[in-house]
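Each chain, letter by letter, is given below.
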Amino acid sequence: EVQLEESGGALVQPGGSLRLSCAASGFTFGAAAMSWVRQAPGKGLEWVSTIYIYSRKTYYADYVKGRFTISTDDAKNTVLLQMDSMKPENTAVYYCYFHKVLINRHYWGQGTQVTVSS
């Protein structure tokens, strides 16, 4: 029932900006916590950011704090990741993630490729 669909990945130059979107369905979006997780080439999954929809509390990994911003469009059940001042080390597949706590299930989007290169 839960579905997550990312979009917005692209090739961007160092210092540039990009906005990722995750359209969510199949759960009560307003009561959820949504996250972005990434996987760089040859590396494991790495947490990027989380937003608790109801409270609007946000959390960021140290390496993106001040450059990336997580937000929501509640009317569209969408979580956004605005990425500014991008660096080559930000190159990765970015996944939208949701943990449905009541049944202990983990849901992932299909991922969207972000490449930072000149």
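Look a little higher up for the structure.
Parameters at a glance
- Residues numbered from 1 in each chain as written.
- Predicted model: local features only at pLDDT ≥ 70, side-chain atom pairs only at ≥ 80, totals over all residues.
- Heavy atoms only, no water.
- Helix = DSSP H or I, 4+ residues; strand = E, 2+ residues; numbered from the N terminus.
- Rg over C-alpha atoms; globule rule 2.2 N^0.38 Å.
- Contact = heavy atoms within 4.5 Å.
- Lys, Arg positive; Asp, Glu negative; His and termini not counted.
- Charge placed at Lys NZ, Arg CZ, Asp CG, Glu CD.
- Phe/Tyr/Trp six-rings, centres within 6.5 Å; stacked < 30°, edge-to-face > 60°.
- Buried < 20%, exposed > 50% of the residue type's maximum accessible area, 1.4 Å probe, protein only.
- Pairing = 2+ DSSP bridges.
- Core = buried A, V, L, I, M, F, W, Y, C linked by side-chain atoms within 4.5 Å.
- Axes fitted to C-alpha atoms, helices over the stretch in contact; angles between N-to-C directions.

S.K.: Looking at this structure, how should I read the overall build of the protein chain?
M.R.: Within the protein chain, the secondary structure is distributed over zero helices and eleven strands. Put simply, the protein chain runs from its N terminus to its C terminus through helices and strands in the order β-β-β-β-β-β-β-β-β-β-β. Its C-alpha radius of gyration of 14 Å places the protein chain within 12% of the 13 Å reference for a compact globule of 118 residues. By principal-axis analysis of the C-alpha atoms, the protein chain measures approximately 45 × 25 × 25 Å. Long-range contacts, defined as pairs at least 24 residues apart, comprise 51% of the intrachain contacts of the protein chain with a sequence gap of at least 6. Of the charged side chains in the protein chain, 11 are positive and 9 negative; the average position of the first set lies 4 Å away from that of the second.

S.K.: Would you explain the packing of aromatic side chains in this entry?
M.R.: Centre-to-centre distance and the angle between the planes together describe a pair of aromatic rings. According to the stated counting rule, one finds six aromatic pairs in the structure shown. The interplanar angle of 80° and the centroid separation of 6.0 Å between the aromatic rings of Tyr52 and Tyr59 together place this pair among those described as edge-to-face. A relative accessible area of 41% places Tyr52 in the partly exposed class. Owing to a relative accessible area of 38%, Tyr59 belongs among the partly exposed residues under this scheme. A network of ring pairs unites the aromatic residues Phe27, Phe29, Phe98 and Tyr107 as a single cluster.

S.K.: I'm lost on the pairing of strand 5 (residues 45–52) in this one. Help?
M.R.: Within a regular strand, the side chains alternate between the two sheet faces. Here strand 4 (residues 33–39) runs beside strand 5; their pairing, made up of seven bridges, is antiparallel. From the neighbouring strand, Ser35 faces strand 5, where its bridge partner is Thr50. Hairpin connection between strand 4 and strand 5: a loop of five residues separates the two successive antiparallel strands, and Gly42 in this loop has a positive phi of roughly 75°. Pairing of strand 5 with strand 6 (residues 57–60) involves four bridges; the strand directions are antiparallel. Considered in strand 6, the bridge of Ile51 is made with Thr58. Counted between consecutive antiparallel strands, the loop separating strand 5 from strand 6 contains four residues, among which Arg56 sits at a positive phi close to 65°.

S.K.: Teacher, can you tell me more about the side chain of Ser21 here?
M.R.: You can see Ser21 is positioned in strand 3 (residues 18–25). For Ser21, a relative accessible area of 15% corresponds to the buried category.

S.K.: Could you clarify how one ought to interpret the nonpolar core in this entry?
M.R.: Generally speaking, nonpolar side chains in soluble globular proteins are found buried as a group. Grouped together as the largest cluster of nonpolar side chains are 31 residues, with contacts concentrated most on Leu4, Phe27, Met34, Trp36, Leu81, Met83 and Tyr94. Those elements that provide at least two residues to this core are strand 3, strand 4, strand 5, strand 7 (68–73), strand 8 (78–83), strand 9 (92–100) and strand 11 (112–116). Ignoring anything within four residues of it in the chain, the contact list for Met83 reads Gly16, Ser17, Leu18, Leu20, Arg67, Phe68, Tyr94 and Val114.

S.K.: What should I look at first to understand the sheet that holds strand 1 (residues 3–7) in this one?
M.R.: The pairing of strands in a sheet happens through backbone hydrogen bonds and is either parallel or antiparallel. Judged by pairing direction, the sheet is antiparallel, and its four strands sit side by side in the order 1-3-8-7 without closing on themselves. Strand pairing shows two members of the sheet lacking a second neighbour, strand 1 and strand 7, which therefore form its edges. The sheet shows a mean angle of 20° between the axes of neighbouring strands, taken without regard to direction. Of the strand pairs in this sheet, strand 1 and strand 3 are connected by five bridges, and their pairing is antiparallel. By the bridge assignment, Gln3 is partnered in strand 3 with Ser25.

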